[in-house]
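A closer look at the structure
Residues per chain, in single letters:
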Amino acid sequence: YNELTDGLRLIGNRPGNTCDSIDAGADQSPDWNGYQYWYRVVGAAGTQVAVITGATADLQCGGYYANGWPSDESLPSSPGENKFVTHWYTYVTSSGIAWLSHGGRGINATNCDGFYVFKFPEIKSGDCPDRYCTQN
């Protein structure tokens, strides 16, 4: 697995131009290596992918769109257990903050007996700035 270490991923950081896409050029997240890899959240980035509980500006994390784990789904509880869920994202509209499901795309999470690893769906450069948020 790769490691997500960028502290700007923490939920609550305000919008920026950073994107989790290898096609984002200079705006590519510094700890992003591509959607085909598994990632562990460590260091300044926290311990896991952010749990999305509602639509507020606090859900942003250095990109314009914030992506995360839906609050009505628990992370896998047993070592070795894998779980796939449709992921959620927030975005800024002229009337405020909105959040919705990303259709059939989803996040995989595996319990590695003391930490989690995550596999995220691809973010295309046309969807930038879009990134996965984290939390402690």
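Residues numbered from 1 in each chain as written. Predicted model: local features only at pLDDT ≥ 70, side-chain atom pairs only at ≥ 80, totals over all residues. Heavy atoms only, no water.

What about the pattern of salt bridges?
We count it as follows: Here a salt bridge means any side-chain nitrogen of Lys or Arg lying within 4 Å of a carboxyl oxygen belonging to Asp or Glu. Secondary structure elements are taken from DSSP: a helix is a run of H or I of four residues or more, a strand is a run of E of two residues or more, and numbering for both begins at the N terminus. For every residue, the accessible area obtained with a 1.4 Å probe (protein chains only) is divided by the maximum for its type, and the residue is called buried under 20%, exposed over 50%, and partly exposed between those limits.
Counting across every chain of the model gives 3 salt bridges. Between Asp-20 and Arg-9 there is a salt bridge whose closest N-O contact spans 2.7 Å. A residue pair is termed long-range when its members are at least 10 positions apart, and Asp-20 in the loop between β1 (2–4) and β2 (38–41) and Arg-9 in the loop between β1 and β2 qualify at 11 residues. Of the residues examined, Asp-20 reaches a relative accessible area of 1% and is grouped as buried.

Considering the packing of aromatic side chains
We count it as follows: Centres within 6.5 Å make a pair out of two Phe, Tyr or Trp rings, where for Trp the six-membered ring is used; the pair is then stacked when the planes are under 30 degrees apart, edge-to-face when over 60, and tilted otherwise.
For the structure shown, the criterion picks out 8 aromatic pairs. Taken together, a centroid distance of 6.2 Å and an interplanar angle of 40° make the contact between Tyr-39 and Phe-120 tilted. With Tyr-39 in strand β2 and Phe-120 in the loop between β8 (116–119) and β9 (130–132), this pair connects stretches of sequence that are 81 residues apart. The class for Phe-120 is buried, based on a relative accessible area of 3%. With centroids separated by 6.1 Å and ring planes inclined at 20°, the aromatic side chains of Phe-118 and Phe-120 adopt a geometry described as stacked. Among the aromatic residues, those joined into a cluster by ring pairs are Trp-32, Tyr-39, Tyr-116, Phe-118, Phe-120 and Tyr-132.

A word on the side chain of Asp-6
To keep it simple, the criterion reads: Contacts are assigned to residue pairs with any non-hydrogen atoms lying within 4.5 Å of each other.
Inspection of the secondary structure puts Asp-6 in the loop between β1 and β2. Not counting residues within four places of it along the chain, the set of residues in contact with Asp-6 comprises Pro-30, Asp-31, Ala-45 and Arg-131.

Details of the environment of Ala-24
Mapped onto the fold, Ala-24 is located in the loop between β1 and β2. Exposure remark for Ala-24: the relative accessible area of 17% places this residue in the buried category.

Regarding the nonpolar core
For clarity, the cut-off: Side-chain atoms within 4.5 Å link the members of a nonpolar core, which is a set of buried Ala, Val, Leu, Ile, Met, Phe, Trp, Tyr and Cys residues.
Ranked by size, the top nonpolar core spans 16 residues in total, and within it Leu-4, Trp-32, Phe-118 and Phe-120 carry the most contacts. Among the secondary structure elements, those contributing two or more residues to this core are β2, β7 (96–111) and β8. With residues near it in sequence (within four places) discarded, Trp-32 still touches Leu-4, Arg-9, Asp-20, Ser-21, Ile-22, Tyr-39, Phe-120 and Tyr-132.

Observations regarding the environment of Ile-123
The residue Ile-123 is located in the loop between β8 and β9 in this model. Residues Ile-123 and Ser-21, spaced 102 residues apart in sequence, show a C-alpha to C-alpha distance of 5.5 Å. If we skip the residues at most four places from it in the chain, Ile-123 touches Cys-19, Asp-20, Ser-21, Asp-130, Arg-131 and Tyr-132.

Quick notes on the side chain of Asn-111
Selection criterion: The term polar contact refers here to a pair of N or O atoms within 3.5 Å; inside protein, the definition further demands a hydrogen-donor-capable atom paired with an acceptor-capable atom, and it admits residues adjacent in sequence only when both atoms are side-chain atoms.
Among the structural elements, Asn-111 can be located in strand β7. A distance of 3.2 Å separates a polar atom in the side chain of Asn-111 from the backbone oxygen of Pro-76. Only 2.8 Å separates the side chain of Asn-111 from the backbone nitrogen of Asp-113, close enough to count as a polar contact. Excluding its chain neighbours within four sequence positions, the residues that come into contact with Asn-111 are Pro-76, Ser-77, Ser-78, Pro-79, Gly-80, Glu-81 and Tyr-116.

Purely geometric numbers; function is a separate question.
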